[in-house]
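Report on the structure
One letter stands for each residue in the lines below.
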Amino acid sequence: MSDRLDDLERRIDELRAGVRKAMRARDGAAARVLRAELRSAERAWDALVCGATHTEEPAEDPAKGPVKGRAKEEPPRLVTVREQVHQGLRLLGAAAQPRLIVAVSEAFFGGTIRSGQLTSLRRDEERSFRATPFGRPYYLCAALTDRLSPARGLLTLSTWPLERRVVGPLSPRVDFLTCAIAVAREQANRERGQGAEPDAERGSRLLLRMARNIPGATDGTLGPPDPERVARAAQAELRVHEDRDTRDRAELAERAAAQLGDAARLFGAATLSTIKKENAK
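So, here's what we can say about the structure. (Residues numbered from 1 in each chain as written. Predicted model: local features only at pLDDT ≥ 70, side-chain atom pairs only at ≥ 80, totals over all residues. Heavy atoms only, no water.)

**Thoughts on the packing of aromatic side chains**
All chains considered together, the criterion is met by 3 aromatic pairs. An aromatic cluster of at least three residues, connected via ring pairs, comprises Phe129, Phe134, Tyr139 and Phe267. When the ring centre of Tyr138 is taken as origin, the NZ or CZ atom of Arg82, which lies over that ring, is 4.2 Å away. (Phe/Tyr/Trp six-rings, centres within 6.5 Å; stacked < 30°, edge-to-face > 60°. Lys NZ or Arg CZ within 6 Å of the ring centre and 35° of its normal.)

**With respect to the pattern of salt bridges**
Under the defined criterion, the tally for this structure stands at 13 salt bridges. The partner of Glu125 in a salt bridge is Arg82, and the shortest N-O contact between them spans 2.7 Å. Linking Glu125 in helix α5 (residues 121-131) with Arg82 in helix α3 (residues 81-92), this pair joins segments that are 43 residues apart in sequence. Glu237 serves as the salt-bridge partner of Arg173, at 2.8 Å between the closest nitrogen and oxygen. Taken together, the residues Arg173 in helix α7 (residues 171-191) and Glu237 in helix α9 (residues 227-259) connect sequence positions 64 residues apart. Residue classification places Arg173 among the partly exposed positions, given a relative accessible area of 25%. (Salt bridge = Lys/Arg side-chain N within 4 Å of Asp/Glu carboxyl O. Helix = DSSP H or I, 4+ residues; strand = E, 2+ residues; numbered from the N terminus. Buried < 20%, exposed > 50% of the residue type's maximum accessible area, 1.4 Å probe, protein only.)

**Digging into the packing of α3 against helix α4 (residues 98-109)**
Relative orientation of the contacting elements α3 and α4 amounts to 90°, with a least axis distance of 9 Å. As the angle between them shows, α3 and α4 are arranged roughly perpendicular. Mapping the contact onto sequence places Gln84, Val85, Gln87, Gly88, Leu89, Leu91 and Leu92 in α3 and Leu100, Ile101, Val104, Ser105, Phe108 and Phe109 in α4. Broken down by class, the residue content of the contact of α3 with α4 amounts to 9 nonpolar, 4 polar and no charged. (Axes fitted to C-alpha atoms, helices over the stretch in contact; angles between N-to-C directions. Parallel < 35°, antiparallel > 145°, perpendicular 65-115°, else oblique. Contact = heavy atoms within 4.5 Å. Nonpolar A, V, L, I, M, F, W, Y, C, P; charged D, E, K, R; others polar.)

**As for α3**
The end-to-end C-alpha distance of α3, which contains 12 residues, comes to 17 Å, matching closely the 16 Å that a straight helix rising 1.5 Å per residue would cover. Among all positions of α3, only Arg82, Gln84, Val85, His86, Gly88, Leu89, Leu91 and Leu92 are buried. Close packing links the buried residues of α3 with α4, α5, β1 (140-144), β2 (150-157) and α7. (Expected span 1.5 Å × (residues − 1).)

**Side note on empty space enclosed by the protein**
A complete count under the given rule lists 1 cavity of 30 Å³ or more for this structure. As a volume, the largest cavity reaches approximately 100 Å³. As for the largest cavity, its lining consists of Val19, Met23, Arg35, Leu38, Phe134, Arg136, Pro137, Tyr138, Tyr139, Ser158 and Leu266. Of all the elements in the fold, those that place two or more residues in the lining of the largest cavity are α1 (2-24) and α2 (28-52). Considering only residue class, the lining of the largest cavity consists of 8 nonpolar, 1 polar and 2 charged. (1 Å grid on protein atoms, 1.4 Å probe; cavity = no way out; pocket = protein on both sides within 12 Å on 5 of 7 lines; lining within 4 Å. Points joined across faces, edges and corners; volume = space filled by probe spheres on them.)

**Notes on the pairing of β2**
In the sheet, β1 pairs with β2 via 4 bridges, with the strands oriented antiparallel. Opposite Cys141, over in β2, you have Thr156 as the bridge partner. Connecting the antiparallel pair β1 and β2 is a turn made up of 5 residues, with Leu148 showing a positive phi of about 65°. (Pairing = 2+ DSSP bridges.)

**What about the packing of α7 against α9?**
Look at α7 against α9: their axes get within 8 Å of each other, and the N-to-C directions meet at 150°. One element, α7, and the other, α9, form an angle in the roughly antiparallel class. Judged by the twist between their axes, the crossing of α7 over α9 is left-handed. Contacts from Ser171, Arg173, Val174, Asp175, Leu177, Thr178, Ile181, Ala184, Arg185, Gln187, Ala188 and Glu191 of α7 reach α9 at Pro227, Glu228, Val230, Ala231, Ala234, Gln235, Glu237, Leu238, His241, Asp245 and Arg249. The class makeup of the residues in the contact of α7 with α9 is 10 nonpolar, 5 polar and 8 charged. (Left-handed = near helix turned anticlockwise from the far one by under 90°.)

**Regarding α5**
Every α-helical turn comprises 3.6 residues, leaving residues that sit three or four positions apart pointing alike. Taken residue by residue, α5 has Leu121, Arg122, Glu125, Glu126, Ser128 and Phe129 as its buried positions. What you see down the axis of α5 is that its buried residues fit within an arc of 160°, all on one side. Exposed side of α5, more than 90 degrees from the buried face: Arg127 and Ala131 are the residues found there. The inward-facing, buried residues of α5 contact α3, β1, β2 and α10 (262-267). (Arc of directions from axis to C-beta.)

**A closer look at the side chain of His241**
The residue His241 is located in helix α9 in this model. Accessibility expressed as a relative area gives 18% for His241, which makes it buried. Within the structure, the side chain of His241 is placed 3.4 Å from the side chain of Glu237, a separation counted as a polar contact. Those residues within four positions of His241 in sequence are excluded, and the remaining contacts are Leu170, Arg173, Val174 and Leu177. (Polar contact = N/O pair within 3.5 Å; in protein donor to acceptor, adjacent residues only side chain to side chain.)

Have a look at this one:
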């Protein structure tokens, strides 16, 4: 078994190096393939290690109770704050503030995180990245402003392309509408009984708060909003802003790719001098 573990560990190291190389070359397709292979290799490593630490136990005798010395059943794995934020951002599909991520996590994933716990999370992610670049499948990182600095209070995922991680003049509204559509669709799925059981009331309240900021998304009553109506209204407004915002983001992404190094592309340049230092490398 040790030979198999050694082979897997070498393969994991090779794949991590390959991901780093693909990211530096901005080869997104190759990076996605390599990340998928990396996750598969890591799962195989976990399975091999877990298999080696558990031996088959005799079946429980109903008359005598549990067999002495039998390992207790493991409790369900706790989902970390980092993983809960990742879940929320994946659902939303756009840069979001901590309070929205927390609300989505509570409504649709039974989350237990609080906004205050996200305060230092991005800094921890940056420290981890600088210590071991691309050592994780994903990082929770900052949105980038038009100055290529980190946008205050906006989190994104490193696996998103640069165009989705930069924010232009219209991007806050576009991202809000994108998030509203995602929340509306998820609430509609849950109301139809699809997916995991949510806190239906929390999801409805979240959608109502978002709908109040979208023209035509509500019918003026005090009842829960219609998710389909909210999605249609958000899509209608999104079409008004989308083309201009896409052009603005493309320009910002091009600047970021040309002027920033790996870490600054994910976490932003603190000052203009940071950009100059990145260019000098």
